[in-house]
Amino acid sequence: MRFVCALLISVLSLFYFLPFAIAFYKKRINTGAIFALNLFLGWSLVGWVIALVWALKAEHTI
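Note that the coordinates shown come from a computational prediction; the quantities given were computed from them, not determined experimentally. (Residues numbered from 1 in each chain as written. Predicted model: local features only at pLDDT ≥ 70, side-chain atom pairs only at ≥ 80, totals over all residues. Heavy atoms only, no water.)

**Section: helix 3 (residues 31-41)**
Right, so step 1: What helix 3 keeps buried is the set Thr31, Ile34, Leu37 and Asn38. Burial along helix 3 is one-sided: seen end-on, the buried residues are contained in an arc of 125°. Facing away from the buried side of helix 3, by more than 90 degrees, are the exposed residues Gly32 and Phe40. (Buried < 20%, exposed > 50% of the residue type's maximum accessible area, 1.4 Å probe, protein only. Helix = DSSP H or I, 4+ residues; strand = E, 2+ residues; numbered from the N terminus. Arc of directions from axis to C-beta.)

Rendered as structure tokens:
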């Protein structure tokens, strides 16, 4: 039972930090800001979706 709970917590944590993982993998300039938004406002669905869209959005350098 403890193994199942630990596995469930691990999978949910990976899903929770999915926007940060995408930003880190894509080497975004603002990965730290995406992580902070995801950490502090990711518990709300709106904050998580904003972080996900921000991580997936195309970067334009001037």
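**Things to note about unusual backbone geometry**
Right, so step 1: The backbone phi angle of Lys27 is positive, close to 55°, even though this residue is not glycine.
Right, so step 2: Relative to the helices and strands, Lys27 is located in the loop between helix 2 (18-25) and helix 3.

**What about the nonpolar core?**
Right, so step 1: Core analysis: the largest hydrophobic core is formed by eight residues, namely Ile22, Ala23, Ile34, Leu37, Trp48, Ala51, Leu52 and Ala55.
Right, so step 2: Among the elements of the structure, helix 2, helix 3 and helix 4 (45-56) are those that each provide at least two residues to this core.
Right, so step 3: If you tally residues by element for this core, the top one is helix 4, at four residues.
Right, so step 4: If sequence neighbours within four positions are ignored, Ala55 has contacts with Pro19, Ile22, Ala23, Lys26, Arg28 and Ile34. (Core = buried A, V, L, I, M, F, W, Y, C linked by side-chain atoms within 4.5 Å. Contact = heavy atoms within 4.5 Å.)

**A look at the packing of helix 2 against helix 4**
Right, so step 1: Between helix 2 and helix 4, the least distance of the axes is 8 Å, while the angle of their chain directions is 15°. If you check the angle between helix 2 and helix 4, you find them roughly parallel. The two elements helix 2 and helix 4 meet at a crossing, and its hand is left-handed. Contact with helix 2, carried on its side by Leu18, Pro19, Ile22 and Ala23, involves Trp48, Ala51, Leu52, Ala55 and Leu56 of helix 4 and no other residues of that element.
Right, so step 2: Residue classes in the contact of helix 2 with helix 4 are distributed as nine nonpolar, no polar and no charged. (Axes fitted to C-alpha atoms, helices over the stretch in contact; angles between N-to-C directions. Parallel < 35°, antiparallel > 145°, perpendicular 65-115°, else oblique. Left-handed = near helix turned anticlockwise from the far one by under 90°. Nonpolar A, V, L, I, M, F, W, Y, C, P; charged D, E, K, R; others polar.)

**Brief notes about the packing of aromatic side chains**
Right, so step 1: On inspection of all chains with the given rule, the structure shows five aromatic pairs.
Right, so step 2: Between the aromatic rings of Tyr16 and Phe17, the centroid separation amounts to 4.9 Å while the plane-to-plane angle is 90°, which identifies the pairing as edge-to-face.
Right, so step 3: Note on Phe17: relative accessible area 26%, which makes it partly exposed.
Right, so step 4: An angle of 40° between the planes, with centres 6.0 Å apart, marks the rings of Phe20 and Phe24 as tilted. Placement of both Phe20 and Phe24 in helix 2 is noted, with a separation of four residues, approximately one turn of the helix.
Right, so step 5: On the basis of relative accessible area, Phe24 is assigned to the exposed category, the value being 59%. (Phe/Tyr/Trp six-rings, centres within 6.5 Å; stacked < 30°, edge-to-face > 60°.)

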